[in-house]
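Residue-level structure breakdown
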Amino acid sequence: MNPSEAAKKVVVVGGVALGAGVAAKSRRMSEQAEIVLIERGPYVSFANCGLPYYLGGVIKDRSKLLLHTPESLKSRFDIDVRVKQEVTKIDRDKKVVTVRLVDTGEEYEESYDKLVLAMGARPIFPNLPGKELDGIFNMRTVPDVDRMKTWIEAGSVKDVAVIGAGFIGLEAVENLVHLGLNVTLVEKAPQVLPPFDAEITTPVLKELNRMGVNVIVGDGIASFSGVDRVSGLTLESGKDIKADMVIMGLGVRPDTSIAQEAGLETGFAGALRVNEYLQTSDADIYSGGDLAELPYLVNGEKRWIPLAGAANKQGRIIGKNLFGAKEKFRGAQGTSIVRVGKVTLGLTGFTEKSAKQAGQPYFVSYNTVGHHAGYYPGAEDLTIKLVVDPEDGRLLGAQVVGGTGVDKRIDVLATAIYGNMTVEDLASLDLAYAPPFSSAKDPVIMAGMAAENRQRGEIQTVARVSDVQAENVRVLDVRNANELDGGMIENAVNIPLDQLRDHAEKLDKAAHWVVYCRSGHRSYFATKMLQGLGFQNVYNLTGGYVVQELQESTKTQQPVHS
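Scope of this entry: the structure provided in the associated data block. (Residues numbered from 1 in each chain as written. Predicted model: local features only at pLDDT ≥ 70, side-chain atom pairs only at ≥ 80, totals over all residues. Heavy atoms only, no water.)

1. Overview of the nonpolar core
Within the largest apolar cluster, 80 residues are counted, with the highest numbers of intra-cluster contacts made by Ile90, Leu115, Leu117, Leu386 and Leu413. Looking at which element gives the most residues to this core, the answer is helix 10 (residues 406-418), with six residues. In this structure Leu386 touches Phe363, Val364, Ser365, Leu395, Gly397, Ala398, Leu413, Val423, Leu426, Ala447, Gly448 and Ala451, once residues within four positions along its chain are discounted. The next biggest cluster of nonpolar side chains, apart from the first, holds 43 residues, and it includes Val157, Ala172, Leu205 and Leu347. (Core = buried A, V, L, I, M, F, W, Y, C linked by side-chain atoms within 4.5 Å. Buried < 20%, exposed > 50% of the residue type's maximum accessible area, 1.4 Å probe, protein only. Helix = DSSP H or I, 4+ residues; strand = E, 2+ residues; numbered from the N terminus. Contact = heavy atoms within 4.5 Å.)

2. Observations concerning the sheet that holds strand 31 (residues 512-516)
Here we have five strands laid out as an open sheet, ordered 28-32-31-29-30, and parallel in their pairing. Unpaired on one side and paired on the other, strand 28 (460-462) and strand 30 (493-494) mark the two borders of the sheet. Alignment of strand 29 (residues 473-477) against strand 31, held across five bridges, turns out to be parallel. Within strand 31, the position partnered with Asp477 by the bridge is Tyr516. Contacting strand 29, strand 31 and strand 32 (538-541), helix 14 (residues 521-532) runs over the sheet at an angle of about 175° to strand 32. (Pairing = 2+ DSSP bridges. Axes fitted to C-alpha atoms, helices over the stretch in contact; angles between N-to-C directions.)

3. What about the pairing of strand 31?
Burial of strand 31 is extensive: five of the five residues sit out of reach of the surface. Both faces of strand 31 are covered, namely the face carrying His512, Val514 and Tyr516 and the face carrying Trp513 and Val515. Note: strand 31 against strand 32, three bridges, orientation parallel. In the strand pairing of strand 32, Val515 is matched with Asn540. With helix 14 bridging strand 31 and the parallel strand 32, this β-α-β connection has right-handed handedness. (Right-handed = clockwise from strand over helix to strand, strands pointing away.)

4. Regarding the sheet that holds strand 8 (residues 107-111)
Within a sheet, each strand pairs with its neighbour through backbone hydrogen bonds, oriented either parallel or antiparallel. With respect to topology, three strands assemble into an open sheet ordered 6-7-8, the strand pairing being antiparallel. Because the sheet does not close on itself, it has two edges, and the strands there are strand 6 (85-91) and strand 8. Pairwise comparison of adjacent strand axes, ignoring direction, gives a mean angle of 30° for this sheet.

5. Quick notes on helix 15 (residues 544-554)
Those residues of helix 15 that sit buried are Gly544, Tyr545, Val546, Val547, Gln548, Leu550 and Gln551. Where helix 15 is buried, its residues contact helix 6 (202-210), strand 25 (363-370), strand 26 (381-388), strand 31 and strand 32.

6. Describing a nonpolar patch on the surface
Taken together, the side chains of Tyr375, Tyr376 and Tyr433 present a nonpolar region at the surface, about 360 Å² in accessible area. Accessibility expressed as a relative area gives 41% for Tyr433, which makes it partly exposed. (Patch = residues over 30% accessible without salt bridge, like charges linked within 9 Å, V, L, I, M, F, W, Y side chains within 5 Å. Areas by Shrake-Rupley, 256 points an atom, 1.4 Å probe, with all protein chains shown as cover. Salt bridge = Lys/Arg side-chain N within 4 Å of Asp/Glu carboxyl O.)

7. Comments concerning the packing of helix 1 (residues 16-29) against helix 8 (residues 308-321)
Contact pair helix 1 / helix 8: the axes reach a minimum separation of 7 Å and the direction vectors enclose 35°. Handedness of the helix 1/helix 8 crossing: right-handed. Residues Ala17, Leu18, Gly21, Val22, Lys25, Ser26 and Met29 of helix 1 form the contact with helix 8, whose own contacting residues are Ala311, Asn312, Gln314, Gly315, Arg316, Ile318, Gly319 and Lys320. Here the residues of the contact of helix 1 with helix 8 are counted per class, giving six nonpolar, six polar and three charged. (Left-handed = near helix turned anticlockwise from the far one by under 90°. Nonpolar A, V, L, I, M, F, W, Y, C, P; charged D, E, K, R; others polar.)

8. As for the packing of aromatic side chains
Per the stated rule, a full pass over the model turns up six aromatic pairs. Here the aromatic rings of Phe125 and Phe224 are separated by 6.5 Å at their centres, their planes lie at 65°, and the arrangement is edge-to-face. Placement of the pair is Phe125 in the loop between strand 10 (121-123) and strand 11 (136-138) and Phe224 in strand 15 (residues 221-227), with a sequence separation of 99 residues. Exposure remark for Phe125: the relative accessible area of 22% places this residue in the partly exposed category. Take Phe224: its relative accessible area is 6%, and that puts it in the buried class. When the ring centre of Phe125 is taken as reference, the NZ or CZ atom of Lys131 above it lies at 4.6 Å. Against the face of Tyr296 rests Arg303, its NZ or CZ located 3.8 Å from the ring centre. (Phe/Tyr/Trp six-rings, centres within 6.5 Å; stacked < 30°, edge-to-face > 60°. Lys NZ or Arg CZ within 6 Å of the ring centre and 35° of its normal.)

These figures capture arrangement, not role.
Listed below in structure tokens is the structure:
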């Protein structure tokens, strides 16, 4: 750190993860600096990721959401916190900001030595007919949720519509169901949780069905209806939905209006362009969090990833760099997790569809195993989907869906991507094992082994039967007879694995055989067996019938209820 470069006065615009983090770290870097934090809302530091759970009563004590108050930041860090004040203009030449008092409209100017923009993002709320009606809410701040709880506790809410099936939307749905309300979920994309690959979301759709949620995909909102207060909405298809309350979960956009007016450069998705030290195009102005683009760790391209993890790390780095440090922010890979009822989904790095959109060469590998040893009671299926670079076997992305244990595996896979590890590395990991927690070969290791077999050319794998571009394609089911009641792939021949060696001569060696079992494990053994018996064109259906069913269900995703 170079003391001569240290800021003398820091003004932070915006609180929550980034702003409060910058202010606190700044004080730890310097006892002499003047630190001013300006926040347009009434709360300077709160757990916005906990808001849906407070709404549903899972978090009962509202004060638990408030991580710091102006008083606590003053007493602990000697930070001048000014809430319900909004910065409306930046004068970069004079190095002052114009501040408006929210309650009175009165304005004043505040000078700065270094400025940090941490306004985050604003919810997307289209200008639709009826949007001014009472009972339509965003879920972004503590006051937002206070208004929702007041609305619900008034006792006249029975039917709630949630618009948008992203992370916040689904967390809201889960908690509204917990309150005993009738919930309709509307998503314009053809699937819930659009960031994921469609087949990985199928268990969520089934779980929403079990929870009694009316799910509508592939349809957007056109207008709201009601007199004074909302009573329903009309979709783009013309379908009418009854609703005493509407929660908008269409996502967010970076709140860059005053930054753009000040001439700061923007980049991906309209977010602020920052360098590796988190400086904007003005070296005396820093930014991060939901407001700024960042390097995507998988391929180095710039992306906008509005997640709390990156914002918290950036706050610490900015706090250092304001006082002469030269610490770099390496980037993020979008690691995320969400729970819906009894189903959990995790994501890190590239999905198959995002790799395809980016023009990134890849292959996919699926694996379904129990989250702990099968002989220990309570094992639940985990399905892991890996996206792999076919050139060097480097892990590019992963998705995990299941019940217990998803969090552990997605974090291991996220660490592997951060470390530029290959699927061969995954197969070699030394992970903790005891029957209540895992198997001797953890699901991550098994997923690595399956992908490694493909990467090394030991076997050919396909994700779908249709991926085999050849004439005379046949399908072989090596499951046992008692497994077939749940369905088979059309026109498949069934020969159980333990009988295959004795009956292989019945199969046409000239055909292209796609082999499957329930999860891809036994079909791997069958594929190797057939190769050893002289079959030249054999393909293991990665993920087996479990994944095949997930894929088939995405072709007909419709409203779960009418």
